[in-house]
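Architecture at a glance
Below, each chain spelled out in residue letters.
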Amino acid sequence: MRSRFLIKRPSRRTVLVGTIVLGSLVVYGLMQVNYECDLTGFGACDFVKGSSDEDYRPEKTLWDWLGLLIVPTVLALGAIYFNRAERRNELEIAQQERLNELEIAQKERQNEARIAEERAQDARLQTYLDQMRELLLDRNLRDSQAGDEVRHVAQTLTLIALRRLDQERRNILMQFLRSSRLIGLHNGHELVDQYGNLLGAKARNIVDFQQVDLREADLRASPLFAVNLRGAILREANLRGAILYSADLSGTNLRGADLSGTNLRGANLYRANFYRANLRGADLSGTNLRGANLEGANLEGANLRGADLSRANLSRANLEGANLEGANLTGAIVTPEQLAQGASLTGASMPDGSIHD
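Residues numbered from 1 in each chain as written. Predicted model: local features only at pLDDT ≥ 70, side-chain atom pairs only at ≥ 80, totals over all residues. Heavy atoms only, no water.

**Side note on the overall build of the chain**
Regarding its fold elements, the chain presents five helices and zero strands. Start at the N end of the chain and walk to the C end: the helices and strands fall as α-α-α-α-α. The buried share among the 357 residues of the chain stands at 35%. Put simply, 24% of the contacts in the chain that link residues at least 6 apart link residues at least 24 apart. (Helix = DSSP H or I, 4+ residues; strand = E, 2+ residues; numbered from the N terminus. Buried < 20%, exposed > 50% of the residue type's maximum accessible area, 1.4 Å probe, protein only. Contact = heavy atoms within 4.5 Å.)

This is the structure in structure tokens:
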């Protein structure tokens, strides 16, 4: 494990003390060279030759004694200070190294936790698939009738798995149900009219989600077309980009849910609650929204072409740029100011029963 060391620049205090020590030594040297001492060491005191060749040596002056003390004292003080500064620097480096090690250890723990959760998710999905295969092969789930115990078991297992799996594995679960012919359309997608309404194709939901509690569920981009979600609780759920094509959502609670970009073509949304839901850019063409609560909903840029909005509550809804061509707004609660926000109304039945040109 490699640590990142922090290289510290010397502090101003360190530079100042070093300058003082160095200056003291320089001053002392200059005084020794340029000045000669008297009794105090600062007066004239030339060397005098005697009759012999031996040099005359004056008695020790005050400066001589001070010289013997100043230099060692300054050096000792400097050494003490620099030792303390070095220890302080080493301590800071050690602390930084410890923080780096803790950060690396935390990242490793997070990575291990993520890997463990991934394995747990895989195990949950595999357990669900194994249990459902057993119901299909050994207990004839596909040929069961409404009210049969095997259907109740399958639905219970499915709801538990939906709550415990992440988005990616939820999508795999839905694909498994569809490919196993347990949910959705079985006669193809081509049997729809220009608004996406079914023409003879029948949805067969052996496993359905009627009246289930999926509040705050993350079902982004999930393939949920033609599923039965009648009366379900999807309050504040994330259904962004989900495929709810021809699904039954009548009476469903979608209060505050995110359905931006969702495909709801031909869906049954009778009396569904979309209070303050985000339907920005959603495809609602040909949908049954009779009596639906769309109060405060964001329908900016939504496609409502041919939708039945009779007696729907659209108060305070954002209809900017919405396509309402051929829509039925008879008896709907909506103001002229809302409809004037750039919505396309060609051929629409207005709240007063008139047809918009």
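That was the structure; now back to the text.
**Description of the environment of Asn313**
As for its placement among the helices and strands, Asn313 is situated in the loop between helix H4 (167-179) and helix H5 (336-339). One polar contact links Asn313 to Ser315, side chain to side chain, over a distance of 2.9 Å. (Polar contact = N/O pair within 3.5 Å; in protein donor to acceptor, adjacent residues only side chain to side chain.)

**Observations concerning the pattern of salt bridges**
For the structure on display, the rule yields 16 salt bridges. Several salt bridges share partner residues, and in doing so they unite Glu118, Asp122, Asp166 and Arg169 into one network. (Salt bridge = Lys/Arg side-chain N within 4 Å of Asp/Glu carboxyl O.)

**Re helix H3 (residues 149-164)**
Its 16 residues place the ends of H3 23 Å apart at the C-alpha level, agreeing with the 22 Å of an ideal helix rising 1.5 Å per residue. Of all the positions in H3, only Val150, Arg151, Ala154, Gln155, Thr158, Ala161 and Leu162 are classed as buried. Around the axis of H3, the buried residues are gathered within 130° of arc, so they sit on the same side. Facing away from the buried side of H3 by more than 90 degrees, the exposed set consists of Glu149, His152 and Arg163. (Expected span 1.5 Å × (residues − 1). Arc of directions from axis to C-beta.)

**Remarks on the side chain of Asn288**
Here Asn288 is to be found in the loop between H4 and H5. The class for Asn288 is buried, based on a relative accessible area of 17%. Among all residues touching Asn288, those that are not within four sequence positions of it are Ala267, Asn268, Leu269, Tyr270 and Asp308.

**Notes on unusual backbone geometry**
Here Ser246, not a glycine, exhibits a phi torsion of approximately 60°, which is positive. Relative to the elements of secondary structure, Ser246 occurs in the loop between H4 and H5. Positive phi outside glycine occurs at Arg276, with the angle close to 55°. Mapped onto the secondary structure, Arg276 falls in the loop between H4 and H5. Judged by its relative accessible area of 56%, Arg276 is exposed.

**So, the environment of Ala297**
Mapped onto the elements, Ala297 comes out in the loop between H4 and H5. Given a relative accessible area of 1%, Ala297 falls into the buried group. Residues in contact with Ala297, not counting those within four places in the same chain, are Phe274, Arg276, Ala277, Ala317 and Asn318.

**Some details on the confidence of the model for the chain**
Scored by pLDDT, the chain comes out at a mean of 81, with 75% of its residues at no less than 70. The weakest mean pLDDT in the chain belongs to helix H1 (residues 12-34) at 60; the strongest belongs to H5 at 92. Low confidence marks residues 34-53, where pLDDT is under 50. Its contacts with residues over four positions away, or in another chain, come to 32 contacts. Low pLDDT, under 50, characterises residues 187-201; the stretch is placed with 33 contacts to residues that sit more than four places away or in other chains. (pLDDT = per-residue confidence, 0-100.)

**Side note on the packing of H3 against H4**
Between H3 and H4, the shortest axis-to-axis distance is 9 Å and the interhelical angle comes to 155°. In terms of axis orientation, H3 runs roughly antiparallel to H4. Between H3 and H4, the residues in contact are Thr158, Ala161 and Leu162 and Arg170, Leu173, Met174 and Leu177, respectively. Residues of the contact of H3 with H4, tallied by class, amount to five nonpolar, one polar and one charged. (Axes fitted to C-alpha atoms, helices over the stretch in contact; angles between N-to-C directions. Parallel < 35°, antiparallel > 145°, perpendicular 65-115°, else oblique. Nonpolar A, V, L, I, M, F, W, Y, C, P; charged D, E, K, R; others polar.)

**Focus: the nonpolar core**
Among the nonpolar cores identified, the biggest contains 71 residues, and Met132, Leu177, Leu259, Phe274 and Leu299 are the most heavily contacted of them. Secondary-structure elements contributing two or more residues to this core are helix H2 (62-138), H3 and H4. Of the residues forming this core, the biggest block, six residues, is contributed by H2. Apart from the residues lying within four places of it in its own chain, the contact partners of Met132 are Leu141, Ala154, Thr158, Phe176, Leu177, Leu182 and Val207. (Core = buried A, V, L, I, M, F, W, Y, C linked by side-chain atoms within 4.5 Å.)

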